[in-house]
Structures are given as structure tokens and as C-alpha cells.
Amino acid sequence: MYALSVLLAVGGVTVLLRWLPFVAARMVARSGFARVLRLFMPVGVMVVLVVYCVRGVLDDAVAAGGGRGYVAVVAAVMVTVGVHWWRRSAASSILVGTVCYVLLASLWL
């Protein structure tokens, strides 16, 4: 009887925890704040990620090759933005930008 009561309690909590986010999402989706977040969050997150990654890469590039590291990073970011505007595909722009940086950093530095 003890094992059955534990299993029922654990099962009930599991179902509640899996059901709760869907209920909360329905309630939050109607608010104006959620609409604003849906509009600005993807861009904001991408800007933060780009700044974080470029800063780390620039620190490494300057330590390795001086001024040429800046050129490789700036060129790769420009290629990434260009490919993204051209293709409108995050996967292709990230792939091409990464390959561009790797080639510039390994062949030019």
C-alpha cells in the first residue's frame, strides 16, 4: 500500500509539472508584454550572443596575431551578415561565417 501511494503521488506530481507550463503559456500569451517579448527577444538574444562570441574571439585573436585578428573577425562578421541578408537562413550564414573565420584565422594569421 505504501509503494502504491508513493507511485500515485509521484505520478500526480509528474503530470502536474508537465501540464502546468501549457496552462501558464496560454495565460501569458494573451498579455501585451508577451507580444513585446516575442518581437524583441530573438534579436536581443542574437545581439548578446554575437557580442559575447566576438569579444572572446577578438581576445584570442589579438593574443595570437595582433592586428590581423581584428581583420579576420570583422571580415567573418561581415560575411555572415551578408550571407544572412542574401539567403535569409541562419544555418547557412552561421556555417559560411564560421568557415570564413576559420580559414582567415588559420591561413592568414
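Residues numbered from 1 in each chain as written. Predicted model: local features only at pLDDT ≥ 70, side-chain atom pairs only at ≥ 80, totals over all residues. Heavy atoms only, no water.

**Observations regarding the overall build of the protein chain**
Here is step 1: Of the regular secondary structure elements, the protein chain holds four helices and zero strands.
Here is step 2: Along its sequence from the N terminus, the protein chain presents helices and strands in the succession α-α-α-α.
Here is step 3: For 109 residues, the compact-globule estimate of 2.2 N^0.38 gives 13 Å, and the C-alpha radius of gyration of the protein chain, at 23 Å, exceeds that figure by more than 25%.
Here is step 4: For the protein chain, the spread of C-alpha atoms along the principal axes amounts to about 70 × 40 × 20 Å. (Helix = DSSP H or I, 4+ residues; strand = E, 2+ residues; numbered from the N terminus. Rg over C-alpha atoms; globule rule 2.2 N^0.38 Å.)

**Here's the deal with the state of the cysteines**
Here is step 1: Following the criterion strictly, the structure yields zero disulfides and no others.
Here is step 2: Not part of a disulfide, Cys53 finds its nearest cysteine sulfur in Cys100, a span of 16 Å.
Here is step 3: Of the residues examined, Cys53 reaches a relative accessible area of 43% and is grouped as partly exposed.
Here is step 4: On the basis of relative accessible area, Cys100 is assigned to the buried category, the value being 16%. (Disulfide = S-S within 2.5 Å. Buried < 20%, exposed > 50% of the residue type's maximum accessible area, 1.4 Å probe, protein only.)

**Looking at the domain arrangement of the protein chain**
Here is step 1: For the protein chain, the domain assignment lists domain 1 (1–30), domain 2 (34–59) and domain 3 (66–108).
Here is step 2: For domain 1 and domain 3, the distance between their C-alpha centres works out to 46 Å. (Domains from an automatic or database assignment.)

**Some details on the UniProt feature "transmembrane region" (unreviewed entry) in the protein chain**
Here is step 1: Those places that UniProt annotates as "transmembrane region" (unreviewed entry) correspond, in this numbering, to residues 6–24, 36–57, 69–86 and 91–108.
Here is step 2: For residues 6–24, helix accounts for 100% and strand for 0%, while the C-alpha atoms at its two ends are 27 Å apart.
Here is step 3: Measuring from the first to the last C-alpha atom of residues 36–57 gives 32 Å, for a span that is 100% helix and 0% strand. (UniProt positions renumbered as here; feature names shortened; annotations may be inferred.)

**As for helix α4 (residues 90–107)**
Here is step 1: Here α4 contains 18 residues, and its C-alpha end-to-end distance of 25 Å stays within 8% of the 26 Å for a straight helix at 1.5 Å per residue.
Here is step 2: Within the span of α4, buried status applies to Ser93, Gly97, Cys100 and Ala105. Along α4, the residues classed as buried sweep out an arc of 120 degrees about the axis, all on the same side. Exposed side of α4, more than 90 degrees from the buried face: Ala91, Leu95 and Leu107 are the residues found there. (Expected span 1.5 Å × (residues − 1). Arc of directions from axis to C-beta.)

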